[in-house]
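Residue-level listing of the chains:
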Amino acid sequence: MTFVGILFFTLLILLASTGRMRQQNFVPVEADGVWAGICAGMMALFYPFVFIEHKRRDDGLRRNGLIPLTLLGVVCSGIIVTLVTMTWPLIIGDRAGAGTVAAELSSDPGAVFLVLCFFVGGMAWSMCMLMPMVIGGFKVALCLLVPFLGLVLLLGFAGLQVFDNPPSFGTTVLCAAAAVSGLAGLTVLAALRNVIDMPKPQRTVADREVDYQRFTEDRRRRGLTNENPLPGIDGPQPPRR
């Protein structure tokens, strides 16, 4: 599903390169570094919605083994998305500024590493924001709504700054720090998954057998047994006159 998502945003860039994508005021959307950065930011934000499966009882956030699942999912998805975005310079062409990440992504290893850190960090923090909203219920989701909207703006702005500027050491360090801290935060949230949403106790066969024994003993104390039925309840009805 991550591959399908990045293909969708790649098609948006391809459509913008043809001049057929227009804004609300009918101004054509330019397939340049700015548009590539916005699409990259939205892809990072889109990742948790691909990861979470609402058809499952646990929404895809299983109670056991969630830490390796989320960490490997973010890292592998970041690699896949980065590999696909390496084709964007071929689509954008001369519209991207010379020396920018949008122009050099297919040939500059520094730009590739920068974009990989950006995607891993963006996906990890998006997952950190959406996971408690899903497993914590309505109240938690309402409390995190404003921070989530802030993350939307932040990822769009960060993607613009990454793709529409030359790769630099400072930007790479910031994105790498965001990736490491995002993965660390995701590890903590995955470890607290059963604390945020306490599992409901599951009744075993032994528990049901104990309850049945208590039920039969209570009936026996009250005389509600087959050997001593009460008229009109456990035994035959008395004859009507």
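Attention in this report is confined to the structure presented alongside it. (Residues numbered from 1 in each chain as written. Predicted model: local features only at pLDDT ≥ 70, side-chain atom pairs only at ≥ 80, totals over all residues. Heavy atoms only, no water.)

A tally of regular secondary structure across the protein gives 11 helices and 0 strands. Reading the protein from its N terminus to its C terminus gives the helix and strand order α-α-α-α-α-α-α-α-α-α-α. Nonlocal contacts in the protein, meaning residues at least 24 apart in sequence, comprise 73% of its contacts between residues at least 6 apart. (Helix = DSSP H or I, 4+ residues; strand = E, 2+ residues; numbered from the N terminus. Contact = heavy atoms within 4.5 Å.)

Moving on, we get to the packing of aromatic side chains. Aromatic rings in a pair are described by how distant their centres are and how their planes are angled relative to each other. With the rule as written, the count across this model stands at 5 aromatic pairs. Relative to phenylalanine 9, the ring of phenylalanine 8 has its centre 5.3 Å away and its plane inclined at 75°; by these criteria the two rings are edge-to-face. Here a set of aromatic residues connected by ring pairs shows up, and it is made of Phe8, Phe9 and Phe46. (Phe/Tyr/Trp six-rings, centres within 6.5 Å; stacked < 30°, edge-to-face > 60°.)

In this section: a nonpolar patch on the surface. On the surface, a nonpolar cluster with roughly 440 Å² of combined accessible area is contributed by Phe138, Leu142, Leu145 and Leu149. Inspection of the secondary structure puts leucine 149 in helix α8 (residues 145–163). Residue classification places leucine 149 among the partly exposed positions, given a relative accessible area of 48%. (Patch = residues over 30% accessible without salt bridge, like charges linked within 9 Å, V, L, I, M, F, W, Y side chains within 5 Å. Areas by Shrake-Rupley, 256 points an atom, 1.4 Å probe, with all protein chains shown as cover. Salt bridge = Lys/Arg side-chain N within 4 Å of Asp/Glu carboxyl O. Buried < 20%, exposed > 50% of the residue type's maximum accessible area, 1.4 Å probe, protein only.)

Once that is clear, we can look at helix α3 (residues 66–85). When the terminal C-alpha atoms of α3 are compared, their 28 Å separation across 20 residues agrees well with the 28 Å that a helix rising 1.5 Å per residue should span. Restricting attention to buried positions, one finds in α3 the residues Leu66, Thr70, Gly73, Val74, Ser77, Gly78, Val81, Thr82, Val84 and Thr85. Down the axis of α3, the buried side of the element spans an arc of 160°, and every buried residue falls inside it. Summarising the geometry of α3, the exposed residues directed more than 90 degrees from the buried face are Leu72 and Leu83. (Expected span 1.5 Å × (residues − 1). Arc of directions from axis to C-beta.)

The next subject is the layout of surface pockets. Taken as a whole, the largest pocket spans an internal volume of roughly 330 Å³. Within the residue set of the lining of the largest pocket, elements represented by two or more residues are α6 (109–135), α8 and α9 (169–191). For the lining of the largest pocket, the residue count by class is 12 nonpolar, 5 polar and no charged. (1 Å grid on protein atoms, 1.4 Å probe; cavity = no way out; pocket = protein on both sides within 12 Å on 5 of 7 lines; lining within 4 Å. Points joined across faces, edges and corners; volume = space filled by probe spheres on them. Nonpolar A, V, L, I, M, F, W, Y, C, P; charged D, E, K, R; others polar.)

So, on to the nonpolar core. In this structure, Trp88 and Phe163 are the most contacted members of the largest nonpolar core, which totals 56 residues. Ranked by residue count, the leading element in this core is α6, at 16 residues. Aside from chain neighbours lying at most four places away, what touches phenylalanine 163 is Gly33, Ala36, Gly37, Ala40, Trp88, Thr100, Val101, Ala102, Leu105 and Val115. (Core = buried A, V, L, I, M, F, W, Y, C linked by side-chain atoms within 4.5 Å.)

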